[in-house]
Amino acid sequence: MITYKKLLGIVTVFSLVLALALICTASTARCDNTVDNETFSKATASGWTLSGSAKLTAASGGVDNVTGGSGWLRLTDNVTKNQAGSAVYGTAFTSVQGVQVSFTYASYGGTGADGLTFYLIDGATGASSITTGASGGALGYSSNGLTGANGVTNGYLGIGFDEGGYFSSSYVGTCSSGCPGISPNSVAIRGSGNKLMGYNFLTNAPATIATGSRSGANTVTITILDFKVTVVLNGKTVINNYDISTAIGQSSMPGTFKFGFSAGTGGSTNIHEIKNLSVTSVTADYNLALATLYSLSNYFGTPYGSFTAYTYNTSMYYVQGLTNGNFLVAWSDGSILLSSGGQWFSTGLYWKTFTDVMKASQVIGNFYTTSASFYGGLYGGLTQGLDATGVYYVQGFNNGYAIVAWPDGYVYIYAGGTAYSTLGYQSAYEGTAYVGNGYIYTFTNGLANVYSGGVLGNNGAFWK
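None of these values were measured; they are calculated from a predicted model. (Residues numbered from 1 in each chain as written. Predicted model: local features only at pLDDT ≥ 70, side-chain atom pairs only at ≥ 80, totals over all residues. Heavy atoms only, no water.)

Draft legend 1. Inspection of the overall build of the chain at higher detail. For the chain, the count of helices and strands is four helices and 32 strands. Across the 464 residues that make up the chain, the buried fraction comes to 51%. When contacts within the chain are restricted to residue pairs at least 6 apart in sequence, those whose partners lie at least 24 apart make up 59%. (Helix = DSSP H or I, 4+ residues; strand = E, 2+ residues; numbered from the N terminus. Buried < 20%, exposed > 50% of the residue type's maximum accessible area, 1.4 Å probe, protein only. Contact = heavy atoms within 4.5 Å.)

This is the structure:
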């Protein structure tokens, strides 16, 4: 049934040109879906399981217990050699979305080895099955074939901050496409593995790993999105969009992930500590939205350069430059903003529904292609609107008609002040509905068909 709100929305959107209204203020808060925020500053860390040499320094007997609220997650100490410690967050999160991780780490106080990792494991791995990987250059993630020590159970990806350099060598894991050898002071990535199998070397890049003290601690931001890994260390991009989708030996992406930290020492010692962790889920629709937005309006111009990811108050946003000097920003609240002439404007588009935009556009295009003589020529590009029911999509035609795709799956034609249902999987019009002279749409198992001149043709089904 066509509601008053829908008719009002159709009339409003169809009668107005897409307006750019100033909406951005310094106090605007934008937050993505939080997976976990943990400072590790207290005596306990809810949801985390610590194994091996890992401990909270603010716990009873810890070095920071007396000061209160100033603790760290310590994975290895500078007293005992050949340590491996790990901490795993026990709540799984979906792999459909990407993840952005930011944290602070310190590596100091010993004789200089080996390093630490942030890693992902299959989220289906039960708490009793979670293990710490091998010590030394395996950094608590990979296996060590020389010693016969297992890596983490059901590992998917390990990003090592490797002071000693062995995480890039043939001493740990596998080297299916070759290992560069011992590479001190590097960020290195190893792939999926389980126990003694896998953990293939994927890539590395030089970086300053040791911090010398807590006060010199490094800040890290890791983005894993659409199979691409970006690592930013102290504001500098060290690894940029490394694609793991074609990596040799990489297992299929599991349905969920769990994440953790680990560290290892061998013949030398070092303190490896973590603090101020923030983990948020992100989505590849950022990329999809910005990549295709410019094609929906001649106003925006064409992209210039590649996407760049940033954070603001722990929220994530993506920036796409345009050849006309403007740029587009997709914020984590779903809005897409245009920066032009030093001002921020709303584009009226929302990346969190961009998959639906493409589906709606395809279906509207099918209607237009099937019945172009009825609808007339296209007028402008596809636009979005938003009301209490959700985001809807409008395509205008030069004869004054419009087609509107609503978030509940309905598609309507607006003609001469009247809205006609054309299709909808929840439609009350199971049977036939008349839309103009000679055009009859039928609804069978949710499909929309068009009769024209006595000939039946499939119209392409509904958009949701």
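Draft legend 2. Here's a closer look at the packing of aromatic side chains. Evaluation of the coordinates by the stated rule reveals 17 aromatic pairs. Aromatic side chains F40 and W48 sit 5.1 Å apart centroid to centroid with 75° between the ring planes, which places their arrangement in the edge-to-face category. Take F40 and W48: they sit in the same class, and that class is buried. Ring centres of W48 and Y89 lie 5.5 Å apart, and the angle between their planes is 45°; on these two criteria the pair is classed as tilted. (Phe/Tyr/Trp six-rings, centres within 6.5 Å; stacked < 30°, edge-to-face > 60°.)

Draft legend 3. Structural detail: the pattern of salt bridges. Enumeration according to the criterion identifies three salt bridges in this entry. Measuring nitrogen to oxygen at the nearest pair gives 2.8 Å for the salt bridge that ties E273 to R74. Taken together, the positions of E273 in strand β18 (residues 271-282) and R74 in strand β4 (residues 73-76) put the pair 199 residues apart, joining distant regions of the chain. One continuous salt-bridge network, built from bridges that share partners, spans D64, R74, R214 and E273. (Salt bridge = Lys/Arg side-chain N within 4 Å of Asp/Glu carboxyl O.)

Draft legend 4. A look at a nonpolar patch on the surface. Taken together, the side chains of L146, Y166, Y171 and I182 present a nonpolar region at the surface, about 410 Å² in accessible area. Given a relative accessible area of 41%, I182 falls into the partly exposed group. (Patch = residues over 30% accessible without salt bridge, like charges linked within 9 Å, V, L, I, M, F, W, Y side chains within 5 Å. Areas by Shrake-Rupley, 256 points an atom, 1.4 Å probe, with all protein chains shown as cover.)

Draft legend 5. Structural context of the pairing of strand β22 (residues 335-340). In terms of burial, β22 is largely enclosed, as six of its six residues are buried. Taking every second residue as pointing to the same face, both faces of β22 are buried, with S335, L337 and S339 on one and I336, L338 and S340 on the other. The pairing of strand β21 (residues 327-331) with β22 spans four bridges and is classified as antiparallel. When the sheet's bridge partners are listed, L328 is paired in β22 with L338. (Pairing = 2+ DSSP bridges.)

Draft legend 6. Looking closely at the nonpolar core. Grouped together as the largest cluster of nonpolar side chains are 45 residues, with contacts concentrated most on F103, I159, F161, I222 and F259. Aside from chain neighbours lying at most four places away, what touches F161 is F103, Y105, D114, G115, L116, L139, S186, V187, I209, V220, I222 and V231. (Core = buried A, V, L, I, M, F, W, Y, C linked by side-chain atoms within 4.5 Å.)

Draft legend 7. Unusual backbone geometry, seen in detail. Following A113, the chain continues into D114 via a peptide bond in cis, with omega recorded as -10°. Relative to the helices and strands, D114 resides in the loop between β7 (98-108) and β8 (115-122). Residue K195 is not a glycine yet carries a positive backbone phi of 60°. Its location among the elements puts K195 in the loop between β11 (193-194) and β12 (197-198). Residue K195 is classed as partly exposed on the basis of its relative accessible area, which comes to 45%.

Draft legend 8. Expanded view of the state of the cysteines. Counted by the stated rule, this structure contains one disulfide. Shown here is the disulfide that connects C175 with C179, its sulfur atoms set 1.8 Å apart. Given an S-S torsion of about -90°, the disulfide between C175 and C179 has left-handed geometry. (Disulfide = S-S within 2.5 Å.)

Draft legend 9. Representation of the side chain of S278 in the model. Considering the arrangement of structural elements, one finds S278 in strand β18. Since its relative accessible area comes to 8%, S278 is described here as buried. Separated by 2.9 Å, the side chains of S278 and N37 make a polar contact. (Polar contact = N/O pair within 3.5 Å; in protein donor to acceptor, adjacent residues only side chain to side chain.)

Draft legend 10. The environment of G212, seen in detail. Turning to its location among the elements, G212 is positioned in the loop between β13 (201-206) and β14 (218-225). On the accessibility criterion, G212 (59% relative accessible area) is exposed. Each C-alpha atom of the pair G212 and G110 lies 9.3 Å from the other, and the pair is 102 residues apart in sequence. Residues in contact with G212, not counting those within four places in the same chain, are S107 and Y108.

Draft legend 11. Quick peek at the confidence of the model for the chain. Scored by pLDDT, the chain comes out at a mean of 76, with 67% of its residues at no less than 70. In this model residues 423-464 is a low-confidence stretch, pLDDT under 50, and it forms 114 contacts with partners more than four residues away in sequence or in other chains. (pLDDT = per-residue confidence, 0-100.)

Draft legend 12. Main features of the environment of S51. In this structure, S51 sits in strand β2 (residues 48-52). Excluding residues within four positions of it along the chain, S51 makes contact with A84, G85, S86 and T132.

Draft legend 13. Local environment of the side chain of S107. Along the chain, S107 falls in strand β7. Judged by relative accessible area, which is 2%, S107 ranks as buried. Among the polar contacts made by the side chain of S107, one reaches the side chain of E163 at a distance of 3.2 Å. Aside from chain neighbours lying at most four places away, what touches S107 is E163, I209, A210, T211, G212, N270, I271 and H272.

Draft legend 14. Structural view of the environment of T117. Note on placement: T117 falls in strand β8. When the C-alpha positions of T117 and L157 are compared, they lie 9.7 Å apart, and in sequence the two are 40 residues distant. Polar contacts involving the side chain of T117 include one to the side chain of S262, which spans 2.5 Å.

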